[in-house]
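# Summary of structural features
One letter stands for each residue in the lines below.
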Amino acid sequence: MRLALLIVLLIAGPLVGAPPTPKSHFGHEIGADRTVLDWNRVVSYFQSLEKNSPRIRVQEIGKTAEGRPLIAATIAVPETLAKLDRYIEIQKRLADPRTVPAGDAESLISQGKTVVIITCSIHSTELASTHTAVEFAYRLLTEDKPRFRAILENTIFILAPSINPDGLDIVTEWYRKTLDTPYEGTAPPQLYHKYVGHDNNRDWYIHSQPETRAIISKLHNLWHPQIVYDVHQQQATASRIMAPPWLDPIEPNVDAILVQEMNMVGTGIAADLTAAGKTGVSVHSSYDFWTPARHYQAFHGGLRILTESASARLASPITIRREDLRVDGLGYNAQERTWNHIEPWTGGTWRLRDIIDYQLIAMESVLYQAAVRREDLLRNFYKVGQRQIDRKVPYAFYIPAKQADPGATRKLIDTLVAGMVEVEVESDGGHTIRMSQPYSGYAKALLEKQKYPDLRLYPGGPPKKPYDVTAHTLPLLMGVDVRTLTRPSAPPRVVAALSEKPGHLPASDSDSWMAVNRIWRLGGAVWRDTVTGDFSPSSLGPNWQAVKRPRIGLYKSFIPTMDEGWTRWLLERFGFEYSSLGNKDILAGGLRQRFDTVVFPDQTEASIRFGFKDGAMPPEYTGGLGPEGAAALKEFATAGGTLVFLNRSTSYAIDQLDVKARNVVRGVSDRDFYSPGSLLNVQLDRQHPLSYGLPADIPIWSEGSPAWETEEKTVARYPDSRILASGWLLGESVIAKRSALVDAQIGDGHVILFGMRPQYRAQSYLTFKLFFNALLYH
Ligand SMILES: [Zn+2]
């Protein structure tokens, strides 16, 4: 026996220990009821896989917002891992057909591997996929079966076991803390990403967060993946798992070849799940394919594959009867047999382990399809690049050198360059983005105005709701003058080209506000022209006034709101000092002694007044501001403080602080008024200090935003027609001539109502200024 073992070891080649089983490392079976994983143990597990297998390499690709390591494992046969630089070169050339001499493409395609990235648990309460990643990696490295051999030989598989490890630990810690209490299985009362919470998968063109930046620069831009599979979870009562095809609308700049291939791979996943005996599989349900904020790769030659598995209560099992499954899923009914949900789940117990079992099949399916169709996928990847380069309309976009906001202009250019868009610098200092380049569709999507289709549930009926927002026009969001060229400006005057190098993302946010804050940080005073709003530290004339650094409080409820996180991000990014204010801080009163400005982010009136109801959370997290809180806020404003309310929270100001304004869209049905994340035109009162530094006509971000009939001072007003700037708007007459930004005087202070999100997802550089002006307004 011993001799036989020795011979086997000799034949098998150099000695590496057997990869440890997940159970031996974590101390329990993966997915056992009521068990969750710590990120540091996940990292050390992947490190021990690397130590004990020649088929895996583990790399730290960056740090999270809270400093945890982000890791990616590269898995393939050892011969492939030995030549990764060569495969990166092949991918790079196929991605840019201009670099491939005629006749060379087929040779590159025959040599290449399909590159597949799988990213897990970006949404941290959707925690199953990190467990699945651990078990799948172990099996792929240790089980010898034909499908796994095909995967290892034909693909380069890059596995990120969590792309939001901070959130994974937040959820794990909360889950353990609440085990065996009435709150077991609840979501934690805080955002599961330091700044952006669930919106971390809405960051994929602006790249504001460190996780996004690391994954784009170290994985996407380096590897040019053919497939990126992002693993998610949905409601417990939805289908057991959902895969593409996507619902309409598909963003018009996404190449048709990629859409067909996403349909193909998605239905392939569904077929493999059904063949394995899994029921409740839906396709062509739930998600449209519009905003590039969720899918960078689909504008860079790659497929976006996503699955959504039904959730349990984190790691605690649940029981669901068939009649409790949702009947109103978008595009399907979870109780009924239809072509796209052919075998409904019949109900029963549903647990973490079930989710993992489905996801294991889905991961294997994606990779096996990538292996079997390697040549087609690579050839089509190359063709998509060719079709981008062949784009003739428009010829180019041109960004003149002279701009109202040079900082925002640099930010726009940097955003494009970070997405591998080629930008040429002209001799006059302007910038040109020609469409004959591999990622012209990406540039075009971000620079043009969106015309979202008028989709209705039935003719003349209510709108079919987009899954997310409908506008992403950066020149409007950032207030940058960008022009469309239909033909070359003669003669060509290009003096330099900007391009993104893998592993590096440029960054520049600075504008006059960065300078203002630098001066404050150094203890100096800032002067502002009271007519134009321009800042100057030195030149003083009759119109200049000193501007003190404001003491800012930002309301933070126990009901986590992403807008609160985005606001924190903005304040920190631009150097404002602030304190987070919980219910207790406001209820304590005396706010005016400590603050000049108090900001309420976009959240519902009820969440501010009542917070979590009794019994929904441990007692220390329940309750809201109540009548005492409203009294404290009134006292603050009366004594000269400024209260700033953003979007939905304005209802609180009107109902609880007696601001005289009537929201004309309140109670109006979607059929009559609808602005689901759109850019809308308003006209500013340029004499008002909130408008300093802005042009008279600007687009603002409206997301179900209020508009008012009011006797208070109106700073921004909708015009009487042509209100839509980009995206989708129904019922413009409802808001025509109504107010979108209001300044109400209370005693010596002010209450500012923003009928918009002026700091929308780190993108709306133009209206950041309205918000900053509000912080200084007294
Ligand atoms: Zn999700």
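Look a little higher up for the structure.
In short, a report on the structure. Note that the structure is a prediction, hence the values are computed from the model and not measured.

This part covers the packing of aromatic side chains. Overall, the coordinates contain 29 aromatic pairs when judged by the stated rule. Seen from their ring centres, Trp290 and Tyr452 are 4.8 Å apart, and the 75 degrees between their planes marks the pair as edge-to-face. With Trp290 in the loop between β7 (281–283) and β8 (303–310) and Tyr452 in the loop between α15 (440–447) and α16 (474–478), this residue pair connects regions lying 162 residues apart in the sequence. Judged on exposure class, the residue Trp290 and its partner Tyr452 are both buried.

Turning to helix α8 (residues 146–154), a few remarks are in order. All of the buried residues in α8 are Phe148, Ala150, Ile151 and Leu152. Packed against the buried residues of α8 are β2 (69–75), α7 (128–142), β4 (155–160) and α12 (352–372).

Further remarks concern the pattern of salt bridges. Scanning the model with the defined rule gives 51 salt bridges in all. Where Arg147 meets Glu364, a salt bridge forms, and the shortest distance between an N and an O atom there is 3.3 Å. Within this pair, whereas Arg147 is found in helix α8, its partner Glu364 is found in helix α12, the two being separated by 217 residues in sequence. With a relative accessible area of 25%, Arg147 lands in the partly exposed category. Between Glu605 and Arg609 there is a salt bridge whose closest N-O contact spans 3.5 Å. Residue Glu605 and its partner Arg609 are both found in helix α21 (residues 605–609); the two are separated by four residues, about one turn of the helix. Its relative accessible area of 29% is what places Arg609 among the partly exposed residues. Among the charged side chains, a network of salt bridges with common partners joins Glu106, Arg373, Arg374, Glu375, Asp376 and Arg379.

Attention shifts here to the environment of Val423. By the element assignment, Val423 lies in strand β12 (residues 423–426). The buried category is assigned to Val423, whose relative accessible area is 0%. Through-space distance from the C-alpha of Val423 to that of Ala497 is 5.8 Å; in sequence the pair is 74 residues apart. Ignoring anything within four residues of it in the chain, the contact list for Val423 reads Ile413, Leu416, Val417, His431, Thr432, Ile433, Ala496, Ala497 and Leu498.

Cut-offs applied
- Residues numbered from 1 in each chain as written.
- Predicted model: local features only at pLDDT ≥ 70, side-chain atom pairs only at ≥ 80, totals over all residues.
- Heavy atoms only, no water.
- Phe/Tyr/Trp six-rings, centres within 6.5 Å; stacked < 30°, edge-to-face > 60°.
- Helix = DSSP H or I, 4+ residues; strand = E, 2+ residues; numbered from the N terminus.
- Buried < 20%, exposed > 50% of the residue type's maximum accessible area, 1.4 Å probe, protein only.
- Contact = heavy atoms within 4.5 Å.
- Salt bridge = Lys/Arg side-chain N within 4 Å of Asp/Glu carboxyl O.

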